[in-house]
Amino acid sequence: MPKIVDHDERRREVLSAATAVIVRDGIDAATSRAIAKEAGYSNGVLAHYFADKDEILLSALRDSHRRIRARITERVGDARGLAALREVLMDNLPLDEERAQETRLEISFWSRSLAVERLAEVQRAEAAELRAAVRRLLEEARAAGEIRADEGLDDLTERLLALVDGLSLRSLLYPGRLGRAELERIMTTTLEAL
């Protein structure tokens, strides 16, 4: 009797292994061989599920984004405007180990995306979704009178996203200076100033 293989589970294991290698060793170390070893499979198994290494990397990034979207949707719940915006922005900061690993994964893709257009296209599309959500929540907050109307929403959206990116990167680089309390305080102060 041939062994029954759960292909979806095997694919998830490969993506989990790719994420682990990237987070631990960096994206340059995420070779097909390293990913296969981490997953406990041969390179041939990877080739059965993915066309090439970049497809594995893209799938790992998309899988991470899918999990993040699901978590944010749950956290936001019925909140709207400024309350929902706060949840979205806070969730995009590395405030715990899970989000720190997601941030490491995301930042690892930045440099590779500069060299590989296919990765850059996915990165841009995924970032556009977050940008649209932040802008929509700012519109809701403005319509509800929760924020001042003196700054353009496009500029404000970019400023908030740049703050998330900057704080996230600096937190990973300088963990002794920017821990959870500091990140929460800076983001809260920024939102209160709106």
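Our structure's up above, just so we're on the same page.
Conventions adopted
Residues numbered from 1 in each chain as written. Predicted model: local features only at pLDDT ≥ 70, side-chain atom pairs only at ≥ 80, totals over all residues. Heavy atoms only, no water. Helix = DSSP H or I, 4+ residues; strand = E, 2+ residues; numbered from the N terminus. Buried < 20%, exposed > 50% of the residue type's maximum accessible area, 1.4 Å probe, protein only. Contact = heavy atoms within 4.5 Å. Salt bridge = Lys/Arg side-chain N within 4 Å of Asp/Glu carboxyl O. Axes fitted to C-alpha atoms, helices over the stretch in contact; angles between N-to-C directions. Left-handed = near helix turned anticlockwise from the far one by under 90°. Nonpolar A, V, L, I, M, F, W, Y, C, P; charged D, E, K, R; others polar. Parallel < 35°, antiparallel > 145°, perpendicular 65-115°, else oblique.

Moving on, we get to the environment of Ile22. You can see Ile22 is positioned in helix 1 (residues 7–25). What makes Ile22 buried here is its relative accessible area of 1%. Separated by 35 residues in the primary sequence, Ile22 and Leu57 have C-alpha atoms spaced 9.0 Å apart. The residues contacting Ile22, other than those within four sequence positions of it, are Ile27, Ala30, Leu57, Leu105, Ser108 and Phe109.

For the structure shown, the criterion picks out 27 salt bridges. As a salt-bridge pair, Glu140 and Arg80 come within 3.3 Å of each other at their nearest N and O atoms. Of this pair, Glu140 sits in helix 7 (residues 117–143) while Arg80 is found in the loop between helix 4 (53–76) and helix 5 (81–91), placing the two residues 60 residues apart along the sequence. You can call Glu140 buried: its relative accessible area is 15%. Judged by its relative accessible area of 57%, Arg80 is exposed. We note a salt bridge from Arg104 to Glu97, for which the minimum N-O separation is 3.7 Å. Beyond isolated ion pairs, a larger network of salt bridges with shared partners links Arg71, Arg75, Glu87, Asp91, Asp96, Glu98, Arg99 and Glu102.

We now examine the packing of helix 4 against helix 5. At a closest axis distance of 9 Å, the pairing of helix 4 and helix 5 adopts a crossing angle of 145 degrees. Between helix 4 and helix 5 lies a crossing whose hand is right-handed. Residues Ile68, Arg71, Ile72, Arg75 and Val76 of helix 4 form the contact with helix 5, whose own contacting residues are Ala84, Glu87, Val88 and Asp91. Considering only residue class, the contact of helix 4 with helix 5 consists of five nonpolar, no polar and four charged.

Its place among the elements puts Gln123 in helix 7. You can call Gln123 buried: its relative accessible area is 10%. Setting aside residues up to four positions removed in sequence, Gln123 forms contacts with Leu61, Glu106, Phe109, Trp110 and Ser113.

For the rest of this paragraph, the subject is the packing of helix 5 against helix 9 (residues 180–192). Running from amino to carboxyl end, helix 5 crosses helix 9 at an angle of 150 degrees, the nearest separation of the two axes being 11 Å. In this view, helix 5 runs roughly antiparallel relative to helix 9, as classed from their interaxial angle. The element helix 5 and its partner helix 9 pack so that their crossing is right-handed. Every residue of helix 9 that contacts helix 5 at Leu82, Leu85, Arg86, Leu89 and Met90 is listed here: Glu184, Met187, Thr188 and Leu191. By residue class, the composition of the contact of helix 5 with helix 9 is six nonpolar, one polar and two charged.

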